[in-house]
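The lines below spell out each chain.
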Amino acid sequence: MASTRKSTAQAWSDDLLLALRLRDVPGARIGEVLAEVQSHVAETGEDPRQAFGEADGYADRVAEALGVPTSGGGPGRRLVRSLSGGDLVGSAVIGLAAYLLADGLWSLGAGETALLGLPAWSAVLIALLVLGVAVTRIVTAARSGRADDAVIDPRTGADMVTFPRWAVALLVAVPLLSLAAMAVGGALTR
Amino acid sequence: MAEERWPGEWMRGVLSLCVLRVVADGPTYGYAIAARLADAGLGVVKGGTLYPILTRLEAEGLVSSSWEAGDGGPGRKFFTLTPAGAPALRERAEQWHVFTERAAGLLSSPAVPS
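Basis of the calculations
Residues numbered from 1 in each chain as written. Chains lettered and ligands numbered in written order. Predicted model: local features only at pLDDT ≥ 70, side-chain atom pairs only at ≥ 80, totals over all residues. Heavy atoms only, no water. Helix = DSSP H or I, 4+ residues; strand = E, 2+ residues; numbered from the N terminus. Buried < 20%, exposed > 50% of the residue type's maximum accessible area, 1.4 Å probe, protein only. Areas by Shrake-Rupley, 256 points an atom, 1.4 Å probe, with all protein chains shown as cover. 1 Å grid on protein atoms, 1.4 Å probe; cavity = no way out; pocket = protein on both sides within 12 Å on 5 of 7 lines; lining within 4 Å. Points joined across faces, edges and corners; volume = space filled by probe spheres on them. Nonpolar A, V, L, I, M, F, W, Y, C, P; charged D, E, K, R; others polar. Patch = residues over 30% accessible without salt bridge, like charges linked within 9 Å, V, L, I, M, F, W, Y side chains within 5 Å. Salt bridge = Lys/Arg side-chain N within 4 Å of Asp/Glu carboxyl O. Contact = heavy atoms within 4.5 Å. Phe/Tyr/Trp six-rings, centres within 6.5 Å; stacked < 30°, edge-to-face > 60°.

(A) A look at the overall build of chain A. When its secondary structure is counted, chain A shows eight helices and two strands. Starting at the N terminus and walking to the C terminus, you meet the elements of chain A as α-α-α-α-α-α-β-β-α-α. Burial status across chain A gives 30% buried among its 190 residues. In the form shown here, chain A has an accessible surface area of approximately 11500 Å², with 66% of it arising from carbon and sulfur atoms.

This is how it looks when you write it as structure tokens:
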């Protein structure tokens, strides 16, 4: 697939996008900045790093020019600070439910009837229900977040950060295949 | 002409005003502004320095911007002086003249041997 091989200019632009997001620069403004870079390097034939320096440093200057308050610390710290207690609880619930589902599928595959004192099928159903609710919440939140503060190309009005179909397919397929493998693995122990 | 290189602190002081002056000549875009500054003998101004200055001028309401489609290219962002920009440019340019005259006056006074 051609789109997976990125030029250094595209990689620099992606770094800048992330650096601006981490500095809480509004999405529409990020679109302006990315379009300015594209337009400038097309005109001068320069490499973005040559004309604008390191993506992180340039993001600092843009945030300063916009008067966006810069929270201190590196990108790692900023990312950690942006996580809420709800995110952590959500992660723990998803992890436990996924474990229960995997264990339940294994038990069903192996022909065992009980798991943790529950019938194996009911453990699977409970885990499926919890996972379903959690995933729906995440997808809903991600969609509304994107609509609220999308990185809009000022020239076309298009969303500049598209989530490619193959990425969606991968995100759905990997967990499903893993769970199927659990049932198969259980069946092999019979 | 040899490439001029001025001390960074001088450029930081005057660049914003010079950019405002270039935009006052009519709608223009980033690369053309940089070329105009280089022609004026102010040296090479990189995109990484120029665009944050334009962003700040726009946030101050002194310039406005709009995108124009390029011929097959990624388009150009044109900057225009706003009605508030004209008096601000006049006032700051006058201040700058006074400032540089005073600095030049001091620098050209003969050193008094003690």
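(B) Empty space enclosed by the protein, seen in detail. One pass over the structure, following the stated rule, counts one cavity of 30 Å³ or more. The space that makes up the largest cavity amounts to roughly 50 Å³. The wall of the largest cavity is formed by Glu 36, Ser 39, His 40 and Glu 43 of chain A together with Tyr 29, Gly 30, Tyr 31, Tyr 51, Trp 67 and Lys 77 of chain B. Only helix 2 (27–44) of chain A together with helix 2 (30–39) of chain B provide two or more residues apiece to the lining of the largest cavity. For the lining of the largest cavity, the element with the highest residue contribution is helix 2 of chain A, accounting for four residues. Its residues assigned to classes, the lining of the largest cavity comprises four nonpolar, three polar and three charged.

(C) Local environment of a nonpolar patch on the surface. Residues Val 89, Val 93, Leu 118, Ile 126 and Val 130 of chain A make up a contiguous nonpolar surface patch of about 360 Å² in total accessible area. Contributions of two or more residues to the nonpolar patch are made by helix 6 (85–110) and helix 7 (120–148) of chain A.

(D) Structural view of the side chain of Thr 82 of chain B. As for its placement among the helices and strands, Thr 82 of chain B is situated in the loop between strand 3 (76–81) and helix 4 (85–108). When neighbours within four sequence positions are excluded, Thr 82 of chain B is seen to be in contact with Gly 61, Leu 62, Val 63 and Ser 64 of chain B.

(E) Main features of the packing of aromatic side chains. Inspection of the entire model under this criterion finds six aromatic pairs over all chains. Measuring from centroid to centroid gives 5.0 Å for Phe 52 of chain A and Tyr 58 of chain A, while their planes differ by 65 degrees, and the two rings are edge-to-face. With respect to class, Phe 52 of chain A is no different from Tyr 58 of chain A; both count as buried. Ring plane angle 65 degrees and centroid distance 5.3 Å describe the contact between Tyr 29 of chain B and Phe 78 of chain B, whose orientation is recorded as edge-to-face. Here Tyr 29 of chain B, found in strand 1 (residues 28–29), pairs with Phe 78 of chain B, found in strand 3; they are 49 residues apart in sequence, far enough to count as distant. You can call Tyr 29 of chain B buried: its relative accessible area is 16%.

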